[in-house]
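# Analysis of the macromolecular model
Chain residues, written in single-letter form:
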Amino acid sequence: MHQEYTVIEGDFVNAGTASSSVKKTLKQLGVSPQVVKRVVVALYEAEVNAIAHAYGGKVLVDIDADKIHMVVADKGPGIPDIALAMQEGYSTARPEVRDMGFGAGMGLPNMQKNVDRLNVTSEVGVGTTVDMEVDFI
Amino acid sequence: MFYHALEIDEGNCIGCSRCMKVCPTEAIRITGGKASIDDDRCIDCGKCHSSCPVDAIYIKQDDFKLVHEFPHSVALIPSVFLGQFPDDIRVSRIYAVLKDLGFRHVFEVESAASIYAEAKNRYAMEHEDDMPLISSFCPAIVRLIQIKYPSLVGNIMPIKAPLDLSALYALKKLTDQGIPREEVGIFYVTPCAAKIAAVKAPVGEKRSIIDGVINMDALFNITNGERRICMAKRSYAIDGIENVIDFLDLLENDEVEGVEFLELRACDQSCAGALLSCENRFLCGERMYARARKAAERERNGEMPRDREMDSCRDYLLENASVEAVQPRSMLVLDSNRERAFQKLEKINKLKMYLPGIDCGMCGAPTCEAFATDVVCKQVGLTRCAFYQKHLERLNDITRQECLAANAAVWGTDPIGDTQPPETR
């Protein structure tokens, strides 16, 4: 089952649209609450990242009977040092983003913690793609 | 099937669909011109009851005659009950009337308030990892979480509500006096449908509790009442089922951090706004506070002695204050088999493309999505959708008889009756 969502730069009001919709779908499939929570937290973090750091992007979700595959691809500044960005507390968020309660430097570490497979690819000046997979137990 | 107290009187129901539109769990459908409630989805919040224009939704309750079958009948009354009466009617008068009605003893639910608070605080200290802890006070909220937010059931504190604790207190007090259990019945004077099946336990006593002191200072059934006395650093009191749903959506996504305690109530103004509350909810709440203040003052001035008996029962009540952990029973799962659930979901998504998405309710379901789910999971005919029906008519793919039959399945054979069409020109 394929779902697509568009993410718009700075549109924090609609952050969580994709994760809420995915949450409902997973509940309908009877996926365990713990797994649903992990998926929702990871996808929400990825959505917020695309809104806060990039010039918008796309969320592509593919749900099978046994796993979910999520890709959040943005057009943006890219990440020069992915290993550094994966560290807890490291953040390049602007002050106005931090003022809204985002940008604590927990986004990528949180994704890492909650998904079974995470692959981040990025090209400076072009954009970042976060590829995540979670198995339903 | 799950027990719920709200029932539809088919004789009175006009199938107007108002209840269907307001139900927060989409538990109501219209079939054959009558509303029906899905037992598994109903949480007894009472929204439908308030929306019904013809009083066709009633609350199942025990026959009052049952009270007379117990030599030691006990009325358990919540403070919101006293809040129904104007200030110039004294509490003693209300008690006297209850006794005239046939109750031998009257207990106030709030008598167990301090035990409840202590049991909760003890639990909170041992479960810091489960924050925010959610109060188990409102049974409609507990059931809402069970069916709609299964990931949050672990946050509900497995502590008996004040109602159950006070029943336990009454029971303990009376059986300690050597009165056989079967001679006594406890009856709860309920402000709402959700609590209706809560108390019916055998008890008995020699001396009335009225002579003792009832601590009315803790008013758990008023918004903020519970939050006010909890030890949490950061807590919220949220009333009104829509507000609660909004908040639980956020909580479930981990978008709320650092909250330790949640007092959630289905009714606006908590129990003061419960559906069986006759008085305006704000006036009722004000009176409850006024009575509580007075009681606290009298206790401070030494005009009312502390209830020593409650103190002697304290350890017993605290030992028995726990209940088993609340289990989820999600209403959203389409099929217990993942593969089949997946197929159903794909069918539902495909069907939604044929539906107008305006949630008009003409099909007898509250939303297009709920209808698509009914078509796939309950084999309801797709032609019940007025728009799809028109679409088939244009294609000459449906007969007039089939249209009428589909409409009758939802709205009954002839909702308008024999009335002649009005002259419009």
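Calculation notes
Residues numbered from 1 in each chain as written. Chains lettered and ligands numbered in written order. Predicted model: local features only at pLDDT ≥ 70, side-chain atom pairs only at ≥ 80, totals over all residues. Helix = DSSP H or I, 4+ residues; strand = E, 2+ residues; numbered from the N terminus. Rg over C-alpha atoms; globule rule 2.2 N^0.38 Å. Buried ≥ 20, exposed ≤ 12 C-beta atoms within 10 Å, placed from the backbone. Contact = placed C-beta atoms within 7 Å. Core = buried A, V, L, I, M, F, W, Y, C linked by C-beta atoms within 7 Å. Expected span 1.5 Å × (residues − 1). Nonpolar A, V, L, I, M, F, W, Y, C, P; charged D, E, K, R; others polar. Arc of directions from axis to C-beta. Pairing = 2+ DSSP bridges. Axes fitted to C-alpha atoms, helices over the stretch in contact; angles between N-to-C directions. Parallel < 35°, antiparallel > 145°, perpendicular 65-115°, else oblique. Left-handed = near helix turned anticlockwise from the far one by under 90°. Domains from an automatic or database assignment.

## Description of the overall build of chain A
- Assigned secondary structure in chain A consists of five helices and five strands.
- What you see in chain A, going N to C, is helices and strands ordered as β-α-α-β-β-α-α-α-β-β.
- Over its C-alpha trace chain A gives a radius of gyration of 14 Å, about what one expects of a compact globule, namely 14 Å for 137 residues.
- Residues classed as buried in chain A amount to 39% of the 137 residues present.
- Taking as baseline every contact in chain A between residues at least 6 positions apart, the subset at least 24 positions apart corresponds to 61%.

## Section: the nonpolar core
- Judged by nonpolar contacts, the single largest core of 93 residues is most densely connected at Val 74, Leu 76 and Ile 141 of chain B.
- No other element matches the seven residues that helix 7 (residues 162–176) of chain B contributes to this core.
- Within the second largest apolar cluster, 35 residues are counted, among which are Ala 18, Val 61, Val 72 and Val 130 of chain A.

## What about helix 7 of chain B?
All names here are of chain B.
- The terminal C-alpha atoms of helix 7, which comprises 15 residues, lie 21 Å apart, in line with the 21 Å expected from a rise of 1.5 Å per residue.
- Taking burial as the measure, the 15 residues of helix 7 include eleven buried ones, the bulk of the element.
- Within the sequence span of helix 7, burial applies to Pro 162, Leu 163, Asp 164, Leu 165, Ser 166, Ala 167, Leu 168, Tyr 169, Ala 170, Lys 173 and Leu 174.
- Among the residues trailing helix 7, Gly 178 stands out with phi positive, at a value near 85°.

## Let's talk about the interface of chain A and chain B
- Taken together, the contact between chain A and chain B spans 15 residues of the former and 16 residues of the latter.
- Put simply, the parts of the chain that give the side of chain A that touches chain B at least two residues each are helix 1 (17–28) and helix 2 (33–53) of chain A.
- Residue composition of the side of chain A that touches chain B, grouped by class: eight nonpolar, five polar and two charged.

## Some remarks on helix 15 (residues 400–411) of chain B
Residues and elements named next belong to chain B.
- For helix 15, which comprises twelve residues, the first-to-last C-alpha distance of 16 Å matches the rise-based estimate of 16 Å (1.5 Å per residue) to within 8%.
- Every buried residue of helix 15 is listed here: Ala 406, Asn 407, Val 410 and Trp 411. Burial along helix 15 is one-sided: seen end-on, the buried residues are contained in an arc of 115°. Residues of helix 15 that are exposed and angled more than 90 degrees away from the buried face: Gln 401 and Leu 404.
- The inward-facing, buried residues of helix 15 abut strand 2 (28–31) and helix 14 (386–394).
- Note on helix 15: the residue one or two positions beyond its end, Gly 412, has a positive phi of about 90°.

## Section: the sheet that holds strand 3 (residues 67–75) of chain A
All names here are of chain A.
- The strand order across the open sheet built from five strands is 1-2-3-5-4, with neighbouring strands paired in antiparallel fashion. Edge positions in the sheet fall to strand 1 (2–7) and strand 4 (117–123), since each of these pairs with one other strand and no more. The sheet shows a mean angle of 10° between the axes of neighbouring strands, direction not considered.
- Relative to strand 3, strand 2 (residues 57–63) runs antiparallel, the two being bridged by seven bridges. When the bridges of strand 3 are listed, Val 61 appears paired with Met 70.
- Its contacts with the sheet place helix 1 against strand 1 and strand 2, and it is angled at close to 10° to strand 2.

## Description of the sheet that holds strand 5 (residues 72–77) of chain B
Residues and elements named next belong to chain B.
- The sheet built from three strands is open, its strands ordered 6-5-8 with parallel pairing. On the outer flanks of this sheet lie strand 6 (105–108) and strand 8 (184–188), each paired with one strand and no other. When strand polarity is set aside, the average angle formed by the axes of neighbouring strands in this sheet is 25°.
- With respect to the sheet, helix 7 is in contact with strand 5, strand 6 and strand 8, its orientation differing from that of strand 5 by roughly 150°.

## Things to note about the packing of helix 12 (residues 338–352) of chain B against helix 13 (residues 368–378) of chain B
All names here are of chain B.
- For the pair helix 12 and helix 13, the least separation of the axes is 9 Å and the interaxial angle reads 130°. The pairing of helix 12 with helix 13 is recorded here as oblique in orientation. Here the hand of the crossing between helix 12 and helix 13 comes out right-handed. For the pair helix 12 and helix 13, contact is made by Lys 344, Lys 347, Ile 348, Leu 351 and Lys 352 and by Cys 368, Glu 369, Ala 372, Thr 373, Val 375, Val 376 and Cys 377, respectively.

## Re the domain arrangement of chain B
Residues and elements named next belong to chain B.
- Taken domain by domain, chain B comprises domain 1 (6–59), domain 2 (64–319) and domain 3 (338–411).
- The straight-line distance from the C-alpha centre of domain 1 to that of domain 3 is 21 Å.
- Contact residues are listed per partner, giving eleven residues for domain 1 and eight residues for domain 3.
- Elements represented by at least two residues in the side of domain 1 that touches domain 3 include exactly helix 1 (18–22) and strand 2.
- Per element, the largest residue contribution to the side of domain 1 that touches domain 3 is three residues, and it comes from strand 2.
- Tallied by class, the residues present in the side of domain 1 that touches domain 3 amount to three nonpolar, five polar and three charged.

## Re the environment of Leu 144 of chain B
All names here are of chain B.
- Here Leu 144 is to be found in helix 6 (residues 139–148).
- According to the C-beta neighbour criterion, Leu 144 is buried, with 24 such atoms within 10 Å.
- Expressed as a C-alpha distance, the spacing of Leu 144 and Cys 45, which sit 99 residues apart in the sequence, is 9.0 Å.

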